[in-house]
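Structure assessment
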Amino acid sequence: MTTIELKKQLIHRISEIEDANFLKALKTILDSKLNEGILNLTADQRDEIIASREDVKKGLVIDNALLDKEIKAWLNAR
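This is a predicted model, so every value here is computed, not measured.

**Points about the overall build of the protein chain**
On a plain count of helices and strands, the protein chain comes out with four helices and zero strands. Each helix and strand of the protein chain, placed in order from N terminus to C terminus, yields the pattern α-α-α-α. Taken against the 2.2 N^0.38 rule, which gives 12 Å for 78 residues, the C-alpha radius of gyration of the protein chain at 25 Å runs more than 25% over that of a compact globule. Across its three principal axes, the protein chain shows a C-alpha extent of roughly 75 × 30 × 20 Å. With an accessible surface of roughly 7700 Å², the protein chain has 59% of that area assigned to carbon and sulfur atoms. Distance between charge centres in the protein chain, computed from 13 positive and 14 negative side chains, equals 2 Å.

**Describing helix H2 (residues 20-34)**
Spanning 15 residues, H2 covers 21 Å between terminal C-alpha atoms, matching the ideal 21 Å at 1.5 Å per step. Put simply, Asp-19 is the residue that caps the front of H2, since its side-chain oxygen is 3.0 Å from the backbone nitrogen of Asn-21.

**Considerations on the pattern of salt bridges**
A full pass over the atoms with the stated rule returns two salt bridges. As a salt-bridge pair, Asp-31 and Lys-27 come within 2.7 Å of each other at their nearest N and O atoms. In this pair, Asp-31 and Lys-27 are both assigned in helix H2, four residues apart and thus about one turn of the helix distant. Between Glu-54 and Lys-57 there is a salt bridge whose closest N-O contact spans 3.7 Å. Here Lys-57 and Glu-54 lie together in helix H3 (residues 43-57), a separation of three residues that amounts to about one turn.

**Here we look at helix H4 (residues 64-77)**
Across its 14 residues, H4 extends 20 Å between first and last C-alpha, which sits within 8% of the 20 Å expected from 1.5 Å per residue. In terms of residue burial, H4 counts as a barely covered element, since only zero of its 14 residues are buried. Between a side-chain oxygen at the N-terminus of H4 and the backbone nitrogen of Ala-65 the separation is 3.1 Å; the capping residue is Asp-63.

How each quantity is defined
- Residues numbered from 1 in each chain as written.
- Predicted model: local features only at pLDDT ≥ 70, side-chain atom pairs only at ≥ 80, totals over all residues.
- Heavy atoms only, no water.
- Helix = DSSP H or I, 4+ residues; strand = E, 2+ residues; numbered from the N terminus.
- Rg over C-alpha atoms; globule rule 2.2 N^0.38 Å.
- Areas by Shrake-Rupley, 256 points an atom, 1.4 Å probe, with all protein chains shown as cover.
- Lys, Arg positive; Asp, Glu negative; His and termini not counted.
- Charge placed at Lys NZ, Arg CZ, Asp CG, Glu CD.
- Expected span 1.5 Å × (residues − 1).
- Polar contact = N/O pair within 3.5 Å; in protein donor to acceptor, adjacent residues only side chain to side chain.
- Salt bridge = Lys/Arg side-chain N within 4 Å of Asp/Glu carboxyl O.
- Buried < 20%, exposed > 50% of the residue type's maximum accessible area, 1.4 Å probe, protein only.

Here it is, written out as structure tokens:
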């Protein structure tokens, strides 16, 4: 059975279902499949990502190894 045939069969079978709870369960399954790999971010999280990308474009970054060195120096100075 091809994918197209399977889709047609499923559409036909679903169109015959009258049980609202069963249809809601199917919708939940379909929604979860469509949302795989999608992160739901808050507005604040999106804003932080946008701001971070702007910082990178402006060159406002520091190499991680250099940052680790600076942190160690700061902690040892205490």
